[in-house]
Amino acid sequence: MEFHPSQIPIIKTYSITDEKAASESALEMVNLGFENQKGGFKVLMPKQEKIAKRIGFTITTEINYMLRKKNQERNLRYWTYHHDEKSYAIVLISGNVFDELGL
């Protein structure tokens, strides 16, 4: 059976509708930490392509920037997929935690 990102254990799910909420969620994820978790974070976005692209770009770039600023490991993996008929989802997880899970 092939791996699907929905199989990753989720620590917290964020439902985001705009870029401001994306920035706040990225900060919270970095503060919670990626390395000390036993799963990942899920971000749900509206299925409007233009908005979803902006949210996804904001999440990924701000997380990388904040991790670099705090001198934390930036070995992250993420997947974007169709969550349901109304939402896209991004699942983000530390590369080391992903390897430990053996998915």
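Residues numbered from 1 in each chain as written. Predicted model: local features only at pLDDT ≥ 70, side-chain atom pairs only at ≥ 80, totals over all residues. Heavy atoms only, no water.

K.L.:
Even after reading the chapter, I still don't get the pattern of salt bridges, so can you show me in this structure?
P.N.:
For side chains of opposite charge, pairing can occur when their charged atoms come near one another. Tallied over the full model, the rule gives five salt bridges. Salt-bridge contacts for Glu28 lead to Lys12; the nearest nitrogen and oxygen are separated by 2.4 Å. Residue Glu28 is located in helix H1 (residues 19–32), and its partner Lys12 is located in strand S1 (residues 10–15); the two are separated by 16 residues in the primary sequence. Glu28 sits in the partly exposed class, given a relative accessible area of 31%. A residue is classified by how much of its surface remains accessible, and Lys12, at 33% relative accessible area, is partly exposed. Residue Glu100 pairs with Lys38 through a salt bridge whose shortest N-O separation is 3.6 Å. Note that Glu100 is positioned in helix H3 (residues 95–101) and Lys38 in the loop between H1 and strand S2 (40–46), a separation of 62 residues in sequence. (Salt bridge = Lys/Arg side-chain N within 4 Å of Asp/Glu carboxyl O. Helix = DSSP H or I, 4+ residues; strand = E, 2+ residues; numbered from the N terminus. Buried < 20%, exposed > 50% of the residue type's maximum accessible area, 1.4 Å probe, protein only.)

In short, geometric facts, not functional conclusions.
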